[in-house]
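# Report on the structure
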Amino acid sequence: RTILLLNGPNLNLLGTREPDIYGRDTLADVEQLARETAEELGFELKALQSNHEGVLLDAIHEARGTAAGIVINPGAFTHTSIALADAISGVSLPAIEVHISNVHQREAFRHHSYISPVASSIIIGAGVNGYKLAVQQLAHLISG
Ligand code: DQA
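Residues numbered from 1 in each chain as written. Predicted model: local features only at pLDDT ≥ 70, side-chain atom pairs only at ≥ 80, totals over all residues.

### Some points on the nonpolar core
Counted only if it meets this: In this description, a nonpolar core means buried residues of the types Ala, Val, Leu, Ile, Met, Phe, Trp, Tyr and Cys, linked to one another by C-beta atoms lying within 7 Å. Three exposure classes are used, based on other C-beta atoms lying within 10 Å of a residue's own C-beta, which is placed from the backbone: buried for 20 or more, exposed for 12 or fewer, and partly exposed in between. Each helix corresponds to a stretch of at least 4 residues labelled H or I by DSSP, and each strand to a stretch of at least 2 residues labelled E; elements are numbered beginning at the N terminus. Any pair of residues counts as being in contact when their C-beta atoms, constructed from backbone geometry, are within 7 Å of one another.
By size, the foremost hydrophobic cluster in this structure holds 37 residues, and its most contacted members are Ile3, Ile70, Val71 and Val135. Put simply, the parts of the chain that give this core at least two residues each are strand S1 (2-7), helix H2 (27-40), helix H3 (53-63), strand S3 (69-73), helix H4 (82-91), strand S4 (95-99) and helix H5 (129-143). Each residue touching Val71, except ones within four places of it in the same chain, is listed here: Ile3, Leu5, Ala34, Ile96, Val98, Tyr131, Ala134, Val135 and Leu138.

Written as structure tokens, this is what we have:
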């Protein structure tokens, strides 16, 4: 069974992007951590990063029938995208929302998430380890 890991805009820059906020781990490191965690728990991981909202929407649609659940860091689309929220509810797959930084310690515009109401769980401010926690929680949810 497959877990889909989606990373949204600018997360391809992880490692060099505002390291004080997001740390020094790269997107490849994050995907490897998530893959190792998934495989230890008997799942396969499919990972995709995109800077394009429509590509993320298509990936969520394609997950129906091919994945058991989704781990998603929607990046700034968290705060803007009704379409991503609609896609997640539309496919009826469990989704765990991840934010590397504690968005609630940051600018007010990061405090609202369109994704949170459709997420099964939300992991915020745990750094890149949040991806590991998210995969563990999703595996727990879909195995139980
Ligand atoms: C983020 C937080 C968002 O506000 C920001 O736009 C990102 C990354 C995080 O992982 O902390 O791109 O989702």
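Still to come is the rest of the account.
### Examining the UniProt feature "site: Transition state stabilizer" (unreviewed entry) in the protein chain
Test applied: UniProt positions are given in the numbering used here, feature names are shortened, and annotations may be inferred rather than shown by experiment.
Those residues carrying the UniProt feature "site: Transition state stabilizer" (unreviewed entry) are Arg17 in this numbering. Structurally, the position occupied by Arg17 is in the loop between S1 and helix H1 (19-22). Judged by local crowding, Arg17 falls into the partly exposed class, with 14 C-beta atoms found within 10 Å. When sequence neighbours within four positions are dropped, the list of residues in contact with Arg17 reads Asn10 and Tyr22.

### Quick word on the site of the ligand
Formally: For each residue, a C-beta atom is placed from the backbone, and the residue counts as near a molecule or strand when that atom lies within 6 Å of it. Any residue that is not Ala, Val, Leu, Ile, Met, Phe, Trp, Tyr, Cys, Pro, Asp, Glu, Lys or Arg is counted as polar, Gly included; the first ten are nonpolar and the last four charged.
What surrounds the ligand is the set Asn10, Asn73, Gly75, Ala76, Thr78, His99, Ile100, Ser101, Val103 and Arg110. Of the residues contributing to the shell around the ligand, the split by class is three nonpolar, six polar and one charged.

### A few points about unusual backbone geometry
If you check the backbone angles, Asn10 has positive phi at about 75 degrees while not being a glycine. Mapped onto the elements of the fold, Asn10 is located in the loop between S1 and H1. The phi dihedral of Ser92 falls on the positive side, at around 55 degrees, and the residue is not glycine.

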